[in-house]
Amino acid sequence: MTTSDARSLHQLVLSVDLDEWFHSRRWVDGQQAVCVPDTAAFLRKFHGSERPTGELVEPTRHVLGLLRARRLTITFFVLGQVARWYPDLVKEIQDHGHEVASHGLFHVDMSVLGPQVFEDQLLEAADLLQRLTGAAPVGYRAPNLVYEPWATAVLERAGFVYDASVCASRPIGGKYRGWTNAPTVPYHPSYADVAARGDARLVELPLPSFPVLRIAAGSGIVMRIFGFNWSYHALRHALRRGNTSFYFHPWELGARPKPLGHRLKNEIFLRHTGAWMSRSVETIVERFSSRIIPARASAEALLAREAAPAGAAVTGAPESDVAIGDRAPGLSID
Ligand SMILES: [Zn+2]
């Protein structure tokens, strides 16, 4: 196989985090890291009700339609709390053939929960999804992409095959510390450090960063802030090395939420929600259509390559980390 053949086989893991806009406000007001699960109080204050009023349904259905039109299946990391609010929507996602994976129970940093509460909530959320879909989830993404070293063993014990929380980025807003030089292709992490290769059974599916600068590029939020080409070029670059990932939230395609709290931070956080984001997601789907796969398929491809006897033909392209010359300069930023 030539290098260009291998490159042409690398795939894009496309995923959706199914949570609400107010679950992602950690960066704006710091609330979600510590104050949830009292989402009911938040909702009472801003909606006059203890549950949301259905605003997540329409943009999620829009995403489902967009994927169906191209016959694509992807992964939905569903928050347990959202599954309780919208059980029929989760079933609808599964009926469309998509993978239903876990985004935890409430949108709380695992560093706040601690190992025991994290494990209890992980199992409760997995049970909830299993009751809705008939199958236990095998994939996990941490709320706010906040990860603790002990989580790897907990996820394995709970039967998870892969995690998709690491972003190979310099620290931003207090997140991604120590992840700047994380592998950029699927790998097995170390039990001591999820951003380093090691001997865990769990597969890590990392999110890419912008080349050389090493700043996060694989999410809808950063695409809205830095522009379409920021993520588009980072994804093209990452695909030369191996499978890579991009994720977004349906709420980003919907009506702009009511701004609350810090005005400037909200302007940045909510920049380009709605029609701009809808067009951008459609363009990502259109341009990478032939390479898009669910997260589970990428993890299983790595495991299949490892299980294949030496010299045997395997499905999927070989992957390699960045060359030494491409690594981020050793700035003392983290
Ligand atoms: Zn989330």
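Colleague: For this particular structure, what's the right way to read the coordination of the zinc ion?
Modeller: Around a metal, the idealised angle for a tetrahedral arrangement of four donor atoms is 109.5 degrees; for an octahedral arrangement of six donor atoms it is 90 or 180 degrees. Those donors, D19 (OD), H103 (NE2) and H107 (NE2), are the protein atoms that reach the zinc ion, and they lie 2.0 to 2.1 Å from it. Mapped onto the sequence, the donors of the zinc ion take the spacing D-x83-H-x3-H. Within this pair, whereas D19 is found in the loop between strand 1 (12–18) and helix 2 (26–29), its partner H103 is found in the loop between strand 3 (99–102) and helix 8 (110–133), the two being separated by 84 residues in sequence. Using a relative accessible area of 1% as the deciding quantity, one classes H103 as buried.

Colleague: When you look at unusual backbone geometry in this model, what are you seeing that I'm missing?
Modeller: Working note: non-glycine residues mostly have negative phi, and peptide bonds are mostly trans. At N144, a position not held by glycine, the phi torsion is positive, near 60°. Note that N144 resides in the loop between strand 4 (139–140) and helix 9 (151–157). At Y176, a residue that is not glycine, the phi angle is positive and equals roughly 65°. On the secondary structure map, Y176 appears in the loop between strand 5 (162–163) and strand 6 (203–204).

Colleague: Teacher, can you tell me more about the nonpolar core here?
Modeller: One recurring pattern in soluble globular proteins is that nonpolar side chains are buried together. Counting residues in hydrophobic clusters, the biggest one holds 48 residues, and the most contacted among them are L14, F76, V78, F246, F248, I284 and F288. Top contributing element to this core by residue count: helix 5 (residues 57–69), with 5 residues. If we ignore the near neighbours within four places in the chain, the residues touching F288 are L12, Y232, L235, R236 and L239. Core analysis: the next-biggest nonpolar cluster, separate from the first, contains 31 residues, M110, A125, L155 and Y247 among them.

Colleague: Help me understand the side chain of S190, please; the structure alone is not making it clear to me.
Modeller: Position of S190 relative to the elements: it lies in the loop between strand 5 and strand 6. Classification of S190 as buried rests on a relative accessible area of 15%. A distance of 2.9 Å separates the side chain of S190 from the backbone nitrogen of A192, its partner in a polar contact. Setting aside residues no more than four positions away along its own chain, S190 makes contact with A196, R197, G198 and D199.

Colleague: Sorry, what's going on with the packing of aromatic side chains here?
Modeller: For any pair of aromatic rings, the description consists of the separation of the ring centres together with the inter-plane angle of the planes. Within this structure, the stated rule accounts for 12 aromatic pairs. Here W21 and F22 contribute two aromatic rings whose centre-to-centre distance is 5.6 Å and whose plane-to-plane angle is 80°, an arrangement assigned as edge-to-face. For the pair formed by W21 and F22, the shared burial category is buried. Judged by centre distance (6.1 Å) and plane angle (25°), the ring pair of Y176 and W179 falls under stacked. Of the residues examined, Y176 reaches a relative accessible area of 10% and is grouped as buried. What links up through ring pairs into an aromatic cluster is the set F118, Y140, W150 and F160.

Colleague: How should I be thinking about the packing of helix 11 (residues 228–239) against helix 13 (residues 275–287) in this particular structure?
Modeller: For any two helices packed against each other, the geometry comes down to the angle between their axes and how far apart the axes lie. One way to put it is that helix 11 packs onto helix 13 with a least axis distance of 11 Å and a crossing angle of 20°. As far as their axial angle goes, helix 13 and helix 11 are roughly parallel. With respect to the hand of their crossing, helix 11 and helix 13 are arranged in right-handed fashion. When helix 11 is examined against helix 13, the residues F228, Y232 and L235 are found in contact with a partner set consisting of W276, S280, T283, I284 and R287.

Colleague: Even after reading the chapter, I still don't get the pattern of salt bridges, so can you show me in this structure?
Modeller: In a structure, side chains of opposite charge can pair up when their charged atoms sit close to one another. Enumeration according to the criterion identifies 9 salt bridges in this entry. Two residues, E92 and R61, come together in a salt bridge whose shortest N-O distance is 2.8 Å. You can see E92 sitting in helix 7 (residues 87–95) and its partner R61 sitting in helix 5, a full 31 residues away along the chain. A salt bridge links E156 to R201; the shortest N-O distance between them is 4.0 Å. Of this pair, E156 sits in helix 9 while R201 is found in the loop between strand 5 and strand 6, placing the two residues 45 residues apart along the sequence.

Colleague: Can you help me understand the pairing of strand 1 in this one?
Modeller: It is a general feature of regular strands that their side chains alternate between the two faces of the sheet. Across the 7 residues that make up strand 1, a large majority, 7, are buried. Burial along strand 1 is two-sided: the residues L12, L14, V16 and L18 and V13, S15 and D17 are all buried. Both strand 1 and strand 7 (residues 244–248) contribute to a ladder of 5 bridges, which runs parallel. Bridge pairing in strand 7 links L14 to F246. Strand direction decides the pairing type here: strand 1 and strand 8 (residues 292–293), joined by 2 bridges, are parallel. Bridged to L12 within strand 8 is I292. Note that strand 1 and strand 2 (residues 75–78) share 4 bridges and pair parallel. Opposite S15, over in strand 2, you have T75 as the bridge partner.

Colleague: It is not clear to me how the side chain of S231 should be interpreted in this structure. Could you clarify?
Modeller: With respect to the helices and strands, the residue S231 is situated in helix 11. Beyond its immediate sequence surroundings of up to four residues, S231 is in contact with A217, S219, V222, M223 and F246.

Colleague: Mind showing me how you'd approach helix 5 here?
Modeller: Residues spaced three or four apart along an α-helix face the same direction, because each turn holds 3.6 residues. Counted at 1.5 Å a residue, the expected span for helix 5 with its 13 residues is 18 Å, and the 18 Å between its end C-alpha atoms agrees. Of the positions making up helix 5, those classed as buried are V57, P59, T60, V63, L64, L66 and L67. Immediately downstream of helix 5, the backbone of R71 shows phi near 55°, a positive value.

What counts, and at which threshold
- The written sequence of each chain sets the order in which its residues are numbered from 1.
- Restriction of local features to residues with pLDDT of at least 70 applies here, the model being predicted, together with a cutoff of 80 or more for giving and counting side-chain atom pairs; totals for whole chains, interfaces and linings are based on all residues.
- Values shown for side chains rest on all heavy atoms present in the structure; no hydrogens or waters enter the calculation.
- Atoms of type N, O and S within 2.8 Å of a metal are treated as its donors, and for Na, K and Ca the window is 3.2 Å; water is not considered, so some sites may appear to be missing partners.
- Helix and strand definitions here come from DSSP, where helices need a minimum of 4 consecutive H or I residues and strands a minimum of 2 consecutive E residues; each element is numbered from the N-terminal end.
- With a 1.4 Å probe rolled over the protein chains alone, any residue whose accessible area is under 20% of its type maximum counts as buried; one over 50% counts as exposed, and the rest are partly exposed.
- To form a nonpolar core, buried Ala, Val, Leu, Ile, Met, Phe, Trp, Tyr and Cys residues must be joined to one another through side-chain atoms within 4.5 Å.
- Note on definitions: a residue-residue contact is assigned when non-hydrogen atoms from the two residues lie within 4.5 Å.
- The term polar contact refers here to a pair of N or O atoms within 3.5 Å; inside protein, the definition further demands a hydrogen-donor-capable atom paired with an acceptor-capable atom, and it admits residues adjacent in sequence only when both atoms are side-chain atoms.
- Here a Phe, Tyr or Trp ring, Trp counted by its six-membered ring, pairs with any other such ring whose centre lies within 6.5 Å, and the pair is stacked when the planes are under 30 degrees apart, edge-to-face when over 60, and tilted otherwise.
- Axis definition: a line fitted to C-alpha atoms, over the contacting stretch in the case of helices. Angles run 0 to 180 degrees between N-to-C directions.
- Throughout, the term roughly parallel applies to angles under 35 degrees, roughly antiparallel to angles over 145, roughly perpendicular to angles from 65 to 115, and oblique to all others.
- Crossings are assigned a handedness: left-handed for a near helix turned anticlockwise from the far helix by less than a right angle, right-handed for a clockwise turn.
- Salt bridges, as used here, are contacts in which a Lys or Arg side-chain nitrogen is within 4 Å of a carboxyl oxygen on Asp or Glu.
- Whether two strands pair depends on DSSP finding at least two bridges between them.
- Each residue after the first adds 1.5 Å to the expected span of a helix.

Function cannot be inferred from these measures alone, as they are strictly geometric.
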